[in-house]
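Next come the chains, spelled out residue by residue.
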Amino acid sequence: MIKCVSCGNLNQDGVLICVYCGALLDLNERVATKSFDDADYEEGTAKWGSARFTPRTHLVLGIEGETRSITFNANDITELVLGRSDPKTGEAPPINLTDYGGLEKGVSRKHAVINRKDGSLYLIDQGSANGTYLNGQRLVAQQERVLRDGDDVRLGHLMIRITFEQL
């Protein structure tokens, strides 16, 4: 991983321009990341980067620049729509990002969906105008991608850190 000296975000090796702020990366700013092997795995315990999402896990959405976060119990998750409220009708999705600057940051009314199936969570862009990004990579609309503990999701310009917490 390469740490951007301008914004401090981590970028994948081989990238020359920061996917977060567009600054030219200094290849001397490599950061060692821990890798997990089978010996580090404990049944039912999420590790950084883990895609395992058990019934004893909470999904925590940490919004950049906010002290508060949004938390969901695994047993309550089948499909969560992320978006913002419609100012005309007042309709709002289950994860309403209006109070987090959703409108100003380009979040669509029904921007993306998080689905739970087969012990994992999946993120799906709903054809949003300003795009959904997972760890800096723009998602193709209607194609699911696995969410992992520690992932960064960007809806338009709204950054969200995904965390799995054990009960």
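Note that the coordinates shown come from a computational prediction; the quantities given were computed from them, not determined experimentally.

Asker: Go over the sheet that holds strand β5 (residues 79-83) with me, naming the residues and quoting the values.
Answerer: The five strands are arranged β6-β5-β7-β8-β11 in an open sheet whose pairing can be described as mixed. The open sheet is flanked by β6 (95-96) and β11 (145-147), the only strands paired with a single partner. Judged from the four bridges that link them, β5 and strand β7 (residues 112-117) form a sheet pairing that is antiparallel. Across the sheet, residue L82 finds its bridge partner in β7, namely A112.

Asker: Explain unusual backbone geometry to me, and be specific about the residues and the numbers.
Answerer: Residues other than glycine seldom take positive phi values, yet D118 does so here, at roughly 55°. Considering the arrangement of structural elements, one finds D118 in the loop between β7 and β8 (120-125). Under the relative-accessibility criterion, D118 is labelled exposed at 72%.

Asker: Which residues make up the pairing of strand β13 (residues 158-166), and what values go with them?
Answerer: One ladder, built from seven bridges, connects strand β3 (residues 57-63) with β13; its direction is antiparallel. Bridge pairing in β13 places L59 opposite F164. Across four bridges, strand β12 (residues 152-155) lies against β13 in antiparallel orientation. The residue bridging L155 from the neighbouring strand is L158, located in β13. Following β12, the chain reverses through two residues before pairing antiparallel with β13; G156 in that reversal takes a positive phi of roughly 65°.

Procedures and definitions
Residues numbered from 1 in each chain as written. Predicted model: local features only at pLDDT ≥ 70, side-chain atom pairs only at ≥ 80, totals over all residues. Heavy atoms only, no water. Pairing = 2+ DSSP bridges. Helix = DSSP H or I, 4+ residues; strand = E, 2+ residues; numbered from the N terminus. Buried < 20%, exposed > 50% of the residue type's maximum accessible area, 1.4 Å probe, protein only.

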